[in-house]
Amino acid sequence: MNILLEFFVVTFRVLWAFVLAAAKWLVRPKEKSVAGQVCLITGAGSGLGRLFALEFARRRALLVLWDINTQSNEETAGMVRHIYREMAEAAAPAPRVGGDGEKDALLHCNLQVYTYTCDVGKRENVYSTAERVRKEVGEVSVLVNNAGVVSGHHLLECPDELIERTMMVNCHAHFWTTKAFLPKMLEMNHGHIVTVASSLGLFSTAGVEDYCASKFGAVGFHESLSHELKAAEKDGIKTTLVCPYLVDTGMFRGCRIRKEIEPFLPPLKPEYCVKQAMRAILTDQPMICTPRLMYMVTFMKSILPFEAVVCMYRFLGADKCMYPFIAQRKQATNNNEAKNGI
């Protein structure tokens, strides 16, 4: 094709992409069904991972829950089973006399949840657990890379082991889980990979260098993977990047921006964050930033001079917003050491 003609075609497609994106703002796309599909969630024992599990359970997905904490993971599984049981009892006929009503109801709808204790920061643990999942459950259709950690130390005070741990869990684990489950998705040309990153994977702040680096890495991994799937013309495999603002899960307890600004930009409720992410996942939205203001912040960071960005950070109180959080973590560490007689 003549390059000039091809240029006009590309221009039209770019403009058409804008039209389609605008249309989705006006007309809510229909959500796809994940009923009966195997959905694996890392970091499912608490926080956003637990809420994602409950939302997928309500949509009748078959859940595979990974977490390093066995007890909290089983607690999430118990919540999922409760949801399954309520749906099953609403759909199933009365149980047989003398039978196990809960078991009969769950089997009637073929809804199950599987739990695995897995440290996603360890590559071999990921691969061995993934092999168990394939043998015991089946192939994964929806992969939600959610597990995350934060060290809570200034760079020069942070032990190298914690920096490595942050990178392993928040970034490297995405490579390993994806390598474990993507081959079958490619074979079937069907699947969905969700990367739960952070707004701190799009722009940064002081005091959390390791966390920002890990989340920037996760965003870069996700974007490159998305392009690779497009280049391979595997349009049946969808990807969604989730980049929320500060979420009130306790992970960054103490983090504060300027008190006059805080009422207009408070920490997100975890339930709201997950509901917005679920809507994006189920409508095959490539990326979701919550709140929408994060899109504007990312855009301005890309076009403004660095000194202008610094001025904005200082006005918002975002330049040192993590310092109270780090101070609290340091105090908690000192208290634990004193309690243990160290």
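Residues numbered from 1 in each chain as written. Predicted model: local features only at pLDDT ≥ 70, side-chain atom pairs only at ≥ 80, totals over all residues. Heavy atoms only, no water.

Turning our eyes to something else, we now look at the nonpolar core. In this structure, Ile-41, Phe-52, Phe-56, Leu-63, Val-144 and Met-322 are the most contacted members of the largest nonpolar core, which totals 63 residues. Judged by nonpolar contacts, the second largest core, of 26 residues, contains Val-169, Ala-180, Phe-181 and Leu-225. (Core = buried A, V, L, I, M, F, W, Y, C linked by side-chain atoms within 4.5 Å. Buried < 20%, exposed > 50% of the residue type's maximum accessible area, 1.4 Å probe, protein only.)

Below, the discussion takes up the side chain of Thr-129. By secondary structure assignment, the location of Thr-129 is in helix H5 (residues 123-136). Since its relative accessible area comes to 3%, Thr-129 is described here as buried. Beyond its immediate sequence surroundings of up to four residues, Thr-129 is in contact with Trp-66, Tyr-116, Thr-117 and Cys-118. (Helix = DSSP H or I, 4+ residues; strand = E, 2+ residues; numbered from the N terminus. Contact = heavy atoms within 4.5 Å.)

A few words now on unusual backbone geometry. A cis amide bond, omega -5°, links Thr-290 with the succeeding residue Pro-291. If you trace the backbone, Pro-291 turns up in the loop between strand S7 (287-290) and helix H9 (293-303). Positioned with a positive phi, Asn-189 is a non-glycine residue whose angle comes to about 50°. Among the secondary structure elements, Asn-189 is positioned in the loop between helix H6 (160-188) and strand S5 (191-196). Despite not being glycine, Glu-233 has its phi angle at roughly 60°, a positive value.

Relative to each other, H6 and helix H7 (residues 209-231) sit at 15°, their axes nearing to 8 Å. Comparing their axes, H7 and H6 come out roughly parallel. The chirality of how H6 crosses H7 is right-handed. Contacts from Leu-162, Ile-163, Thr-166, Met-167, Asn-170, Cys-171, His-174, Phe-175, Thr-178, Leu-182 and Leu-186 in H6 reach Asp-210, Tyr-211, Ala-213, Ser-214, Lys-215, Gly-217, Ala-218, Phe-221, Leu-225 and Leu-229 in H7. Considering only residue class, the contact of H6 with H7 consists of 13 nonpolar, 6 polar and 2 charged. (Axes fitted to C-alpha atoms, helices over the stretch in contact; angles between N-to-C directions. Parallel < 35°, antiparallel > 145°, perpendicular 65-115°, else oblique. Left-handed = near helix turned anticlockwise from the far one by under 90°. Nonpolar A, V, L, I, M, F, W, Y, C, P; charged D, E, K, R; others polar.)

What follows covers empty space enclosed by the protein. All chains considered together, the criterion is met by 2 cavities of 30 Å³ or more. In this structure, the largest cavity spans a volume of roughly 40 Å³. Lining the largest cavity are Thr-42, Val-120, Asn-145, Asn-146, Ala-147, Val-169, Ala-173, His-174 and Thr-177. Looking at the lining of the largest cavity element by element, the count peaks at 4 residues for H6. (1 Å grid on protein atoms, 1.4 Å probe; cavity = no way out; pocket = protein on both sides within 12 Å on 5 of 7 lines; lining within 4 Å. Points joined across faces, edges and corners; volume = space filled by probe spheres on them.)

With their axes 9 Å apart at the nearest point, helix H2 (residues 47-58) and helix H3 (residues 70-91) run at an angle of 20° to one another. Between H2 and H3, the crossing angle belongs to the class labelled roughly parallel. Once H2 is placed against H3, the crossing between them reads as right-handed. Here Arg-50, Ala-53, Leu-54, Ala-57 and Arg-58 of H2 lie close against H3, whose contacting residues are Ser-72, Glu-75, Thr-76, Met-79, Val-80, Ile-83, Tyr-84 and Met-87. Taken together, the residues that form the contact of H2 with H3 break down as 8 nonpolar, 2 polar and 3 charged.

With that settled, the discussion passes to H6. Between its first and last C-alpha atoms H6 spans 41 Å; for 29 residues at 1.5 Å apiece the expected length is 42 Å, and the two agree. Roughly 45° is the biggest bend found in H6, and it falls at His-172. In the stretch just after H6, Asn-189 is the one whose phi turns positive, near 50°. (Expected span 1.5 Å × (residues − 1). Bend = angle between axes of the 7 residues up to and from the residue.)

Sheet strands pair via backbone hydrogen bonds, and the direction of the pair is either parallel or antiparallel. Overall, parallel pairing links the 7 strands, which are arranged S3-S2-S1-S4-S5-S6-S7 in an open sheet. Edge positions in the sheet fall to strand S3 (113-117) and S7, since each has one partner strand and no second. Between one strand axis and the next, the sheet turns through 15° on average, direction left out of account. In this structure, strand S1 (residues 38-42) lies alongside strand S4 (residues 142-145), joined through 3 bridges in parallel fashion. Opposite Leu-40, over in S4, you have Leu-143 as the bridge partner. (Pairing = 2+ DSSP bridges.)

The next thing to look at is the pairing of strand S6 (residues 237-244). A large share of S6 lies buried, amounting to 7 of its 8 residues. Here S6 runs beside S7; their pairing, made up of 4 bridges, is parallel. Its bridge partner being in S7, Pro-244 is matched across the sheet by Thr-290. Once the chain exits S6 it traverses helix H8 (residues 270-282) before rejoining the sheet at S7, and the crossover so formed is left-handed. (Right-handed = clockwise from strand over helix to strand, strands pointing away.)

Inspection of every chain in the model, using the stated rule, returns 14 salt bridges. Between Asp-235 and Lys-230 there is a salt bridge whose closest N-O contact spans 3.7 Å. Classification of Lys-230 as exposed rests on a relative accessible area of 57%. Through salt bridges with shared partners, a single ionic network connects Glu-55, Arg-58, Arg-59 and Lys-275. (Salt bridge = Lys/Arg side-chain N within 4 Å of Asp/Glu carboxyl O.)

Here we come to a nonpolar patch on the surface. A cluster of nonpolar side chains, contributed by Ile-3, Leu-4, Phe-7 and Phe-8, occupies part of the molecular surface with about 490 Å² of accessible area. Looking at where Leu-4 falls in the secondary structure, it is placed in helix H1 (residues 3-26). Take Leu-4: its relative accessible area is 51%, and that puts it in the exposed class. (Patch = residues over 30% accessible without salt bridge, like charges linked within 9 Å, V, L, I, M, F, W, Y side chains within 5 Å. Areas by Shrake-Rupley, 256 points an atom, 1.4 Å probe, with all protein chains shown as cover.)

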